[in-house]
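# Understanding the architecture of this molecule
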Amino acid sequence: MAIAFIFCIIFARFFYIQAVWGSELVYRATDQWNREIPVVASRGQITDRNGQLIAGNRTTYSVFVRPNAVANAQYAATVLSGTLGVEPNALLEKLQAGKVSEITVARQVEKENIEKLTAYGLAGVYYSRDNTRTYTYNDALCQVLGFTANDGTGLSGIEKYYEDILCGVNGEIAYSTDIVGVETENSKIVYREAVAGDGVRLTIDMDIQLAAEQAMRSVYQSAGAKKVSCIVLDPNNFDVLAMVNYPSYDLNDVPRDDAQTLNALSRNSLVSDIYEPGSTFKILTAAADLEEYYRGNKSAFSPSYVFNGSRTRTVDGTKIKCWSDHSNGKHSNQTLAEALNNSCNPCFTDIALALGKDKFYEYLTAFGLGNVTGIDFNGEALGMLVPQALVRDCDLARIGFGQTIAVSGLQLACAAAAAVNGGNYYAPHLLKSIVSSDGKTVEEYSPVLKQKPISEQASRQLAAMLEGVVKEGSGKKAYIEGYKVGGKTGTAQKYEDGHIAAGKYVSSFVGFFPSDSPRYLALIIVDEPTGTYYGSAVAAPVAKEIFEDIIKIKNIQPFE
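The structure contained in this document is the topic of the report that follows. From a predicted model like this one, the values you see are computed outputs, not experimental measurements. (Residues numbered from 1 in each chain as written. Predicted model: local features only at pLDDT ≥ 70, side-chain atom pairs only at ≥ 80, totals over all residues. Heavy atoms only, no water.)

## Section: the layout of surface pockets
Of the voids in this model, the second largest pocket is the one considered here, and its volume is about 490 Å³. What lines the second largest pocket is a set of 20 residues, and nearest its centre among them are I274, Y275, K494, V506 and D527. When contributions to the lining of the second largest pocket are tallied by element, the ones reaching two or more residues are β9 (227-234), α11 (269-272), β11 (274-275), β15 (405-408), β20 (486-496) and β22 (520-527). Considering each element in turn, the lining of the second largest pocket owes the most residues, four residues, to β20. Residues that form the lining of the second largest pocket fall into these classes: 10 nonpolar, four polar and six charged. (1 Å grid on protein atoms, 1.4 Å probe; cavity = no way out; pocket = protein on both sides within 12 Å on 5 of 7 lines; lining within 4 Å. Points joined across faces, edges and corners; volume = space filled by probe spheres on them. Helix = DSSP H or I, 4+ residues; strand = E, 2+ residues; numbered from the N terminus. Nonpolar A, V, L, I, M, F, W, Y, C, P; charged D, E, K, R; others polar.)

See the structure below:
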């Protein structure tokens with residue numbers, strides 16, 4: 001009985017080894033007698049919407065050593081360190097330890113160094129092609145593009161988001177060796193070709209991007225700002241035409257040794273950071289009022305309604321003031337269009353309170369606030385919206401003119417675009433199409449309409465009012481003779497530890513043209529300018545500069 005039991009155990013073990021473990025053992029045995037040199041796939045290119053190359057590749061090489069096949073470890077370590085710049089003692093230790101069958105000595109080695117190394121004829125040393133990522137415009141668009149690791153894997157930005165498309169499939173060169181890893185005399189070499197990654201064509205227009213980069217770099221220096229940001233959208237489909245964050249860093253010389261600096265400079269603030277928008281937010285409050293008026297809501301104010309010119313409102317015992325002391329008489333009695341021109345806070349407080357918390361929050365949600373826009377980019381911020389159930393009248397009053405609420409630059413740009421483009425809110429996008437390595441379009445991105453926060457009627461009237469802001473109101477410094485430019489300025493105080501930070505402001509401007517049929521919309525944000533800090537003086541002129549450049553680039557003729 002015992003003998004039969006032992007026999008069953010042995011039989012079961014044999015069956016397991018043969019049927020279950022067999023394929024694994026065959027693989028291990030084969031692996032002992034075969035070696036593979038990886039062939040890195042060419043990473044897909046990144047181009048702008050017009051096909052201009054933004055990110056490409058330069059052929060470089062990876063160097064490997066098989067310690068068991070090295071004839072003289074000391075000599076090999078000396079040659080490799082002298083040729084490739086690696087630390088000799090650490091390499092020698094690895095060569096003599098014999099714990100691994102293969103060591104990666106260096107990646108992204110230039111061709112001339114490989115030629116020098118080959119001349120030594122070192123046994124056990126091999127190399128294969130890899131790629132070094134190169135960026136045509138150095139620091140331009142750096143926070144959007146992101147960068148790759150030394151092995152070519154995307155670590156941030158578009159490089160990371162579309163890694164599966166860009167990476168391709170690596171190949172290999174396989175051949176047989178003896179038990180210690182030395183290539184056999186009659187070794188059969190098997191080559192598996194690498195498959196290049198597909199390319200990514202962005203919605204970015206590099207001509208507009210470079211113009212925006214120059215304008216933002218200039219205001220950063222002249223205003224002595226902490227940082228500056230700009231986004232340019234096509235309001236008709238929310239294609240991102242330009243996205244600038246400055247200061248920036250050189251993608252061809254990434255500061256990898258300073259993690260803190262790299263994290264700060266590589267952060268796409270327009271997508272990942274939030275701020276209190278101030279008066280640029282009045283665009284949305286005005287949009288909500290106009291839409292409710294046309295829907296017949298008796299609580300809404302008509303375009304011809306004349307608001308009381310009082311400088312102060314008291315809500316829930318809290319005094320809410322206008323930025324102006326009203327001494328110039330402009331804020332006395334004014335219509336909605338005039339309130340936008342003068343950026344008068346109490347008028348927008350009146351609108352928010354008249355519509356009420358529930359109705360006003362419907363519009364905040366419809367304009368995408370308190371939620372992500374859905375852009376194809378990692379790390380998008382939600383913004384900060386006080387939960388509706390907790391909102392008091394004094395909070396609602398402040399939200400009406402852009403306080404007690406925080407948005408990302410992208411959120412505000414998209415909301416403003418929907419307010420003036422006929423009332424259509426699209427999902428913003430950076431990908432225009434996917435292109436194969438031989439130049440054929442694999443997939444084309446189609447605009448996605450997410451919602452319609454307001455009607456075309458309300459949108460057209462609002463756009464006309466915002467044209468008035470640039471013609472005769474606070475946005476005069478964005479005016480371009482012969483072109484219909486609309487926009488709204490903003491100047492918001494900054495908060496630190498829950499308190500107003502003395503002397504610290506965010507200056508901004510949202511502009512678009514032509515106002516009666518918008519084709520370009522730009523949001524300019526200047527964080528902590530020194531000296532003059534009003535959005536009308538700091539940010540509006542930058543939008544004008546960018547729009548004038550676009551007019552030249554696209555050869556746009558005057559509209560009037």
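From this point, the narrative continues.
## Details of the packing of helix α17 (residues 409-420) against helix α18 (residues 456-472)
In contact at an axis separation of 7 Å, α17 and α18 are set at 110° when each is read in the N-to-C sense. One finds that α17 runs roughly perpendicular with respect to α18. Listed contacts from α18 to A418, A419 and V420 of α17 are S459, R460, L462, A463 and L466. When its residues are assigned to classes, the contact of α17 with α18 shows six nonpolar, one polar and one charged. (Axes fitted to C-alpha atoms, helices over the stretch in contact; angles between N-to-C directions. Parallel < 35°, antiparallel > 145°, perpendicular 65-115°, else oblique. Contact = heavy atoms within 4.5 Å.)

## Points about unusual backbone geometry
Here Y246 and P247 are connected by a cis peptide whose omega angle stands at 10°. Put simply, F513 and P514 share a cis peptide bond, and its omega is -15°. Relative to the helices and strands, P514 is located in the loop between β21 (499-513) and β22. Here the phi dihedral of N138 falls at roughly 55°; this positive angle occurs in a residue that is not glycine. You can call N138 partly exposed: its relative accessible area is 36%. (Buried < 20%, exposed > 50% of the residue type's maximum accessible area, 1.4 Å probe, protein only.)

## Let's talk about the sheet that holds β9
Spatially, five strands are ordered β10-β9-β22-β21-β20 in an open sheet, and the strand pairing comes out antiparallel. Edge strands, defined here as strands with exactly one partner in the open sheet, are β10 (239-246) and β20. Geometrically, the sheet is characterised by an average inter-axis angle of 10° between neighbouring strands, direction not taken into account. Direction of pairing for β9 relative to β10: antiparallel, over a ladder of seven bridges. Across the sheet, residue C230 finds its bridge partner in β10, namely V244. Helix α9 (residues 206-223) contacts β9, β10 and β22 of the sheet and is inclined by roughly 30° relative to β10. Across the face of the sheet, α18 comes into contact with β20 and β21 while running at roughly 75° to β20. (Pairing = 2+ DSSP bridges.)

## A short note on the pattern of salt bridges
All told, the structure shown has 20 salt bridges when counted by the stated rule. Between R392 and D395 there is a salt bridge, and its shortest N-O distance comes to 3.2 Å. A residue is classified by how much of its surface remains accessible, and D395, at 10% relative accessible area, is buried. As a salt-bridge pair, K471 and E467 come within 3.5 Å of each other at their nearest N and O atoms. Within this pair, K471 and its partner E467 are both found in helix α18, separated by four residues, close to a single helical turn. Classification of E467 by relative accessible area gives buried; the value is 12%. When salt bridges that share partners are traced, they join R43, R133, E159 and E163 into one network. (Salt bridge = Lys/Arg side-chain N within 4 Å of Asp/Glu carboxyl O.)

## Focus on the environment of L340
Locating L340 in the fold gives a position in helix α13 (residues 336-342). Taking the C-alpha atoms as reference, L340 lies 9.7 Å from T280; in sequence the two are 60 residues apart. If we skip the residues at most four places from it in the chain, L340 touches K282, A286, F348, L462, M465, L466, V469, S474 and K488.

## Notes on the packing of aromatic side chains
Applying the stated rule across the entire model yields 14 aromatic pairs. Between Y293 and Y294, the aromatic rings sit 5.2 Å apart at their centres with planes inclined by 65°, giving edge-to-face as the arrangement. Taking 4.9 Å as the distance between ring centres and 50° as the angle between the ring planes, the aromatic pair formed by F301 and F307 counts as tilted. According to the relative accessible area criterion, F301 is buried, its value standing at 14%. Three or more aromatic residues joined by ring pairs make a cluster, and in this case those are F238, Y425 and Y426. (Phe/Tyr/Trp six-rings, centres within 6.5 Å; stacked < 30°, edge-to-face > 60°.)

## Description of the sheet that holds strand β14 (residues 384-385)
Here we have three strands laid out as an open sheet, ordered β11-β15-β14, and antiparallel in their pairing. Among the strands making up the open sheet, the edge pair consists of β11 and β14. Bridge analysis of β14 against β15 gives two bridges, and the strand direction is antiparallel. Bridge pairing links L385 to I405 in β15. In the packing of α17 onto the sheet, the strands contacted are β11 and β15, and the crossing angle to β15 comes to about 90°.

Function cannot be read off these values alone, since they describe shape.
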